[in-house]
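Observations on the three-dimensional arrangement
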Amino acid sequence: MAKKVFVGMSGGVDSSVTAALLRDQGYDITGVYMKNWSKDLPGMICPWKEDYQDAKRVAVQLGIPFKMYDFQTEYRQRVVDYMLGGYKAGITPNPDIMCNQEIKFKLFLDTALSDGADMIATGHYARSVDGELHTAANVEKDQTYFLYRVTEDALQHSLMPIGEFETKAEVRSLAKKFSLATAEKKDSQGICFVGKVGIKDFLLHELGQQPFGVIINQDGVIIGQHDGAIFYTIGQRHGLDVGGGLPYYVIGKDMAKNEVYVTTDLQDKNLWSKNLQLSNIHWINGIPEPTKTYQVRTRYRAPLIPCKVSPCKTKKDGEVSILLSEEVRAITPGQSAVIYDDNRVLGGGVVI
RNA sequence: UGGGGCGUGGCCAAGUGGUAAGGCAUCGGAUUUUGGUUCCGACAUUCGGGGGCUCGAAUCCCUCCGCCCCAG
């Protein structure tokens with residue numbers, strides 16, 4: 001009896017190829033479109049219907065059953081509200097990490113299992129190996145950064161065949177070989193529901209106008225005005241609307257005073273750090289050893305930096321400090337630091 | 001009121017007779033399943049206003065306007 005696998009099909013190439021490959025490997029495949037968001041925004045029509053139809057079209061081509069799960073309510077509560085809350089609090093949240101933790105590898109998994117599936121599969125560039133999370137063969141596209149909060153149990157029930165390919169071109173050519181309708185579809189990017197509207201416009205739409213405040217440079221001089229401190233994040237350069245001389249980078253902000261601090265000095269102490277405090281720890285398989293040297297990634301696609309992890313007792317929800325071997329620019333509260341042991345993802349936490 | 005300095009695109013800022021560098025900002029695009037970063041492209045027929053010398057001036061001369069500094 002072939003294993004029943006429910007493939008999360010977004011309507012993109014990667015998940016289409018995932019379904020095709022697994023079908024050919026002999027699994028009993030069902031395609032599932034997760035409807036997480038469908039609301040239009042000013043200046044953008046939500047493409048969920050096209051995506052749904054693309055996914056369905058591929059399912060038909062592959063001759064597999066297809067269904068839709070409506071997760072809009074949960075997505076709104078667990079991802080969008082988390083994101084809005086983070087911005088309101090002055091940090092820079094990472095909704096895609098939350099989406100994987102709460103929706104794809106929890107709600108989708110649980111729903112699929114209770115729906116008769118033995119496993120789920122996704123089009124992620126990552127590898128699920130015996131309950132461990134490993135980086136993708138394609139180093140450029142590796143998405144493990146977004147997946148460090150997935151549990152060992154979820155990984156035991158997940159397949160990510162796209163993680164085996166070294167190039168996107170291989171995936172595309174497979175899509176062509178299978179004659180999939182999505183073979184030429186452009187890669188998606190940006191937060192799915194925000195799309196080309198942009199995060200600032202989305203926040204304006206959801207949270208409304210924010211109080212104006214001042215922008216202060218490294219000498220304590222007011223050099224401009226901002227239209228809401230929540231819109232700015234550490235390390236940010238563009239969108240400040242202050243010019244003259246060198247570019248300005250955001251080095252901090254005070255939500256209570258509603259002030260944004262910037263500098264033109266790229267060597268500014270406040271912009272660099274080699275010591276991070278993490279909260280909401282999540283270790284996938286086990287707790288890291290304090291004596292060992294691991295590698296850490298502080299943002300998507302950033303290079304791995306050797307580091308040490310402070311002693312830690314709990315597998316989740318604790319705090320830990322990370323000592324990097326070199327200074328890293330623009331460490332940002334709300335973003336995640338993910339710890340690697342070569343190709344294996346240990347887990348990580350949220351920067352305080 | 002004397003003496004000196006300055007006024008170049010939204011902001012910094014080169015350029016002192018040969019036909020407006022560069023940077024920031026802004027806008028557009030590329031890269032990117034968060035935010036951000038990075039990359040590429042666009043962006044002053046014109047140099048505070050007016051007049052003059054010159055084949056030719058932002059650059060020289062005159063004058064007006066504005067700002068700054070030092071004297072009083």
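Heads up: the structure comes first, above all this text.
First, a word on what this report is: a plain description of the structure on this page. The structure presented is a predicted model; accordingly, all values stated were derived computationally and were not measured. In this numbering scheme, every chain counts its residues from 1 along its sequence in written order. Whichever chain is written first is A, and whichever ligand is written first is 1; the rest continue in order. In keeping with the model being predicted, local features are shown solely for residues with a pLDDT of at least 70 and side-chain atom pairs are shown and tallied solely at 80 or more, while totals for entire chains, interfaces and linings include all residues. Values shown for side chains rest on all heavy atoms present in the structure; no hydrogens or waters enter the calculation.

**A short note on the protein's contact with RNA strand B**
Surrounding RNA strand B, one finds 36 residues, the nearest of these being His124, Gln189, Arg237, Tyr300 and Gln335. If even one non-hydrogen atom of a residue comes within 4 Å of a molecule or strand, that residue is called near it. If you look at RNA strand B and keep only atoms within 4 Å of the protein, 65% of those are sugar or phosphate atoms. Each polar contact in these results corresponds to two N or O atoms within 3.5 Å; when the atoms are within protein, one needs to be able to donate a hydrogen and the other to accept it, and residues that are neighboring in sequence are counted only if both atoms are side-chain atoms. Contact distances for RNA strand B include 3.4 Å between a base oxygen and a backbone N or O atom of Pro93. At a separation of 2.6 Å, a phosphate oxygen of RNA strand B approaches a polar side-chain atom of Tyr300.

**Here we look at the sheet that holds strand β1 (residues 4-8)**
Strand pairing requires that DSSP identify at least two bridges connecting the strands. Secondary structure elements follow DSSP: runs of H or I no shorter than four residues count as helices, runs of E no shorter than two count as strands, and numbering proceeds from the N terminus. As summarised here, the arrangement of the 5 strands in space is β3-β2-β1-β4-β7, forming an open sheet in which the pairing is parallel. This sheet does not close on itself; its edge strands, each paired only once, are β3 (66-70) and β7 (158-159). Sheet analysis places strand β2 (residues 28-35) next to β3, joined by 5 bridges and oriented parallel. Opposite Val32, over in β3, you have Lys67 as the bridge partner. Note on contacts: a residue pair qualifies if any of its non-hydrogen atoms lie within 4.5 Å across the two residues. Each axis is a line fitted through C-alpha atoms, and for a helix only the stretch in contact is used; angles between axes span 0 to 180 degrees, taken between their N-to-C directions. Docked against the sheet, helix α1 (residues 13-24) engages β1, β2, β4 (119-121) and β7, running at close to 165° with respect to β1. This element, helix α4 (residues 95-114), spans β1, β2, β3, β4 and β7 of the sheet and lies at about 135° to β4.

**What to know about the side chain of Asn217**
Within the secondary structure, Asn217 is located in the loop between β8 (213-216) and β9 (222-226). Residue exposure (1.4 Å probe, protein chains only): buried if accessible area is under 20% of the type maximum, exposed if over 50%, otherwise partly exposed. On the accessibility criterion, Asn217 (13% relative accessible area) is buried. In this view, Asn217 contacts Ile223, Tyr248 and Val262; residues no more than four positions away in its chain are not counted.

**Comments concerning the packing of aromatic side chains**
A ring pair, where both rings are aromatic, is described by two values, the distance of the centres and the angle of the planes. By convention, a stacked pair of Phe, Tyr or Trp rings (six-membered ring in the case of Trp) has centres within 6.5 Å and planes under 30 degrees apart, an edge-to-face pair has planes over 60 apart, and any other such pair is tilted. Summed over the entire model, instances satisfying the criterion amount to 8 aromatic pairs. Here Tyr33 and Tyr52 contribute two aromatic rings whose centre-to-centre distance is 5.7 Å and whose plane-to-plane angle is 80°, an arrangement assigned as edge-to-face. In this pair, Tyr33 sits in strand β2 while Tyr52 sits in helix α2 (residues 48-62), placing the two residues 19 residues apart along the sequence. Considering the side-chain rings of Trp48 and Tyr52, the 6.2 Å spacing of their centres and the 50° angle between planes classify their relative orientation as tilted. Of this pair, Trp48 and Tyr52 both sit in helix α2, 4 residues apart, which is roughly one turn of that helix. Assessed through its relative accessible area of 22%, Tyr52 is described here as partly exposed. Ring pairs connect the aromatic residues Tyr33, Trp48, Tyr52 and Phe66, which therefore count as one cluster. Just above the ring of Tyr125 sits the side chain of Lys141; from NZ or CZ to the centre is 5.8 Å. Charges are assigned to positions over rings by a cutoff of 6 Å between ring centre and Lys NZ or Arg CZ, combined with an angular limit of 35 degrees from the ring normal.

**Details of α4**
Approximately 25° is the largest bend angle found in α4, and it occurs at Phe108. Within two residues after α4, Gly116 carries a phi angle of roughly 110°, on the positive side. Two axes enter the definition of the bend at a residue: one is fitted to the seven residues ending there, the other to the seven starting there, and the bend is the angle between them.

**A short note on the state of the cysteines**
Where two cysteines share a covalent bond between their sulfur atoms, that bond is called a disulfide. Cysteine sulfur atoms are paired as a disulfide whenever they fall within 2.5 Å. Going through the model one piece at a time under the given rule, you end up with 0 disulfides. Sulfur of Cys307: no disulfide; nearest cysteine sulfur belongs to Cys312 and is 13 Å away. For Cys307, a relative accessible area of 1% puts it in the buried group.

Function-wise, these values are silent; they only describe arrangement.
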